[in-house]
Amino acid sequence: MGKCRLLVVFVLLISPLAQAQWQQKSFHVMGTQAHVEFWLADSQTQATADMLISQVEQEMQRIDETMSPYKDTSELSLVNRHGALEAVIISKELFELLQDAYKIAELTKGTFDITYASVGYQYDYRQHKKPSQAFIDKNLSAINYHSVQLDADNSSVHFNHPAVKIDLGGIAKGHAVKNCLAILKQAGIKHALVSAGGDTGLLGDRRGRPWYVGIKHPRADDKTAVQLPLSDEAISTSGDYERYFIEDGVRYHHIINPKTGDSARNVVSVSIIGKNPTYVDALSTAIFVKGLQQGMALINQLPEYEAIIIDNKQTLHFSEGLQQD
């Protein structure tokens, strides 16, 4: 009996020390749930851990303040108000992200297009509101990424169509995850996970084991469709269950097909795996719009990226690099 008590006391004494090495925090930002988790080396103090968690949270909040289309004071909102009237000088960060958005639009032949917001801003999923077909028909020509003119010499952007609006919802969270991983890496952290909604970035492994990242079941809130062992990679999932409403049996959700101005309905979930969190974020949106056949055809041509697509029958499809022999 005495030995048992001593064992219990010993376990209680060492458990807080062991658990304290893994640092984590969840918080709400950018309209979604974010999470940071990392291993604190013996040479690093708890004060360092607290500081890094604060820096990650502040970085995501800063990006939200800069790139949210819902905040009137954001740099993005400033661009949307004045971009069609004049060239707007913007920060280096926003300029480079718009350059990335253009490259991905070219790569995907326009299925990723930040100007979808020219029609997309009329959707309100909480209020179950959607634009009329007449509005879509009138403004569809404004959805064209070529209308976003970037001037590298002046770090400025100009819209050459009066009705253009842009939204970085398909790329900004990946950018935030990438920045936060860089903060942790620069501080000497070797094992970390940072997530924002459907975007997750990983630094190293989970101390000798892979990180297991789950892909949500698109039609069951409490279920996981598949779990993936990953290390030193990023994964982004786009699904039709994130922001949506159903009207007359039709699901209207936030992933808009730039060619129609309506929600894309070829598949229900797309997850992209790769090294660059910014690119996997944008590619998950683009492949969702493309659908199963065209989406897989593109991913299978990009050796640095893999995909898991769940079709309308809730069947999982894996890109060539994920298929077992």
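Summary of the structure given here.

About the cut-offs
- Residue numbering note: each chain is counted from 1, following its sequence as written.
- For a predicted model such as this one, the threshold for reporting local features is a pLDDT of at least 70, and the threshold for listing and counting side-chain atom pairs is 80 or more; totals across whole chains, interfaces and linings nevertheless cover every residue.
- For the side-chain quantities, the full set of heavy atoms in the structure was used; hydrogens and water were omitted.
- In short, DSSP must find at least two bridges between two strands for them to pair.
- To qualify as a helix, a DSSP run of H or I must reach at least 4 residues; to qualify as a strand, a run of E must reach at least 2; elements of each kind are numbered from the N terminus.
- Burial here depends on accessible area, computed with a 1.4 Å probe over protein chains only, as a share of the maximum for the residue type. Under 20% is buried, over 50% is exposed, and the range in between is partly exposed.
- Whether two residues are in contact is decided by their heavy atoms: any pair within 4.5 Å suffices.
- Counted as salt bridges are all cases of a side-chain nitrogen of Lys or Arg within 4 Å of a carboxyl oxygen of Asp or Glu.
- Between the N-to-C directions of two axes lies an angle of 0 to 180 degrees, each axis being a line fitted to C-alpha atoms and, for a helix, fitted only over the stretch in contact.
- The cut-offs work like this: below 35 degrees is roughly parallel, past 145 is roughly antiparallel, 65 to 115 is roughly perpendicular, and the gaps in between are oblique.
- For any pair of crossing helices, the crossing counts as left-handed if the nearer helix is rotated counterclockwise from the farther one by less than a right angle, and right-handed if it is rotated clockwise.
- Amino acids outside the nonpolar list (Ala, Val, Leu, Ile, Met, Phe, Trp, Tyr, Cys, Pro) and the charged list (Asp, Glu, Lys, Arg) are all regarded as polar, and Gly is one of them.
- Working definition: rings of Phe, Tyr and Trp (its six-membered ring) pair if their centres are within 6.5 Å, and the pair is stacked with planes under 30 degrees apart, edge-to-face with planes over 60 apart, and tilted otherwise.
- In this analysis the charged atom, NZ for Lys or CZ for Arg, is taken to sit over a ring once it is within 6 Å of the ring centre and within 35 degrees of the ring normal.

Attention shifts here to the sheet that holds strand 5 (residues 156-159). One open sheet accounts for three strands, arranged 3-5-4; its pairing is antiparallel. Each edge of the sheet is formed by a strand with only one pairing partner; in this case those strands are strand 3 (88-89) and strand 4 (148-151). The pairing of strand 4 with strand 5 spans four bridges and is antiparallel. Paired with Leu 150 across the bridge in strand 5 is Val 157.

On to helix 3 (residues 75-82). Among the residues making up helix 3, those that are buried are Glu 75, Leu 76, Ser 77, Val 79 and Asn 80. In this structure, the buried side of helix 3 is in contact with helix 2 (46-67), strand 3, helix 4 (92-107) and strand 5.

A word on the pattern of salt bridges. One pass over the full model with this rule turns up 11 salt bridges. Here Glu 59 makes a salt bridge to Arg 62, at a shortest N to O gap of 2.8 Å. Linking Glu 59 with Arg 62, this pair stays in helix 2, spanning three residues, or about one helical turn. Given the relative accessible area of 34%, Arg 62 is considered partly exposed. Linking Glu 93 and Arg 62 is a salt bridge whose minimum nitrogen-to-oxygen distance equals 2.8 Å. Here the residue Glu 93 occupies a position in helix 4, and Arg 62 occupies one in helix 2, the gap between them amounting to 31 residues. Through salt bridges that share partners, Glu 59, Arg 62 and Glu 93 make up one connected network.

What follows concerns the packing of helix 7 (residues 172-186) against helix 8 (residues 277-290). Contact geometry of helix 7 with helix 8 gives a least axis separation of 7 Å together with a crossing angle of 160°. The orientation of helix 7 relative to helix 8 falls into the category roughly antiparallel. Handedness of the crossing formed by helix 7 with helix 8: right-handed. Touching Ala 172, Lys 173, Gly 174, His 175, Val 177, Lys 178 and Leu 181 of helix 7 are Pro 277, Thr 278 and Asp 281, all from helix 8.

Below, the discussion takes up unusual backbone geometry. A positive phi is found at Met 30, a non-glycine position, where the angle reads about 55°. Locating Met 30 in the fold gives a position in the loop between strand 1 (22-29) and strand 2 (32-39). Phi at Asp 248 takes a positive value of approximately 55°, unusual for a residue other than glycine. Relative to the helices and strands, Asp 248 resides in the loop between strand 11 (244-247) and strand 12 (250-253). Given a relative accessible area of 77%, Asp 248 falls into the exposed group.

A separate point is the sheet that holds strand 10 (residues 234-239). Strand-to-strand pairing in sheets goes through backbone hydrogen bonds, with the strands running parallel or antiparallel. In spatial order, the strands read 1-2-6-7-10-13-14-15; together these eight strands make up an open sheet with antiparallel pairing. Strands with a single pairing partner mark the edges of an open sheet, and in this sheet they are strand 1 and strand 15 (316-318). The sheet shows a mean angle of 10° between the axes of neighbouring strands, taken without regard to direction. With three bridges joining them, strand 14 (residues 306-311) and strand 15 adopt antiparallel strand pairing. By the bridge assignment, Ile 308 is partnered in strand 15 with Phe 318.

Put simply, helix 2 and helix 7 touch, their axes get as near as 10 Å, and they point 150° apart. Considering the angle they form, helix 2 stands roughly antiparallel to helix 7. Once helix 2 is placed against helix 7, the crossing between them reads as right-handed. When helix 2 is examined against helix 7, the residues Leu 52, Gln 55, Val 56, Glu 59, Met 60, Arg 62, Ile 63 and Met 67 are found in contact with a partner set consisting of Ala 172, His 175, Ala 176, Val 177, Asn 179, Cys 180, Ile 183 and Leu 184. When the residues that make up the contact of helix 2 with helix 7 are grouped by side-chain class, the tally is 11 nonpolar, three polar and two charged.

Our next topic: the packing of aromatic side chains. Counting across every chain of the model gives seven aromatic pairs. Between Trp 22 and Trp 39, the aromatic rings sit 5.3 Å apart at their centres with planes inclined by 70°, giving edge-to-face as the arrangement. Here the residue Trp 22 occupies a position in strand 1, and Trp 39 occupies one in strand 2, the gap between them amounting to 17 residues. With relative accessibility at 19%, the residue Trp 22 sits in the buried group. A ring pair is formed by Tyr 123 and Tyr 125, whose centres lie 5.8 Å apart and whose planes are at 5°; its orientation type is stacked. For the pair Tyr 123 and Tyr 125, a shared accessibility class is recorded, and that class is buried. For Arg 206, the ring lying beneath its charged end belongs to Trp 22, and the centroid distance is 4.3 Å. Just above the ring of Tyr 241 sits the side chain of Lys 216; from NZ or CZ to the centre is 4.6 Å.

Right, let's talk about the environment of Met 296 for a bit. In this fold, Met 296 is placed in helix 9 (residues 292-299). Since its relative accessible area comes to 10%, Met 296 is described here as buried. Along the sequence, Met 296 and Glu 320 sit 24 residues apart, while their C-alpha atoms lie 8.7 Å from each other. What Met 296 contacts, discounting residues up to four positions off in sequence, is Gly 291, Ala 307, Ile 309, His 317, Phe 318 and Ser 319.

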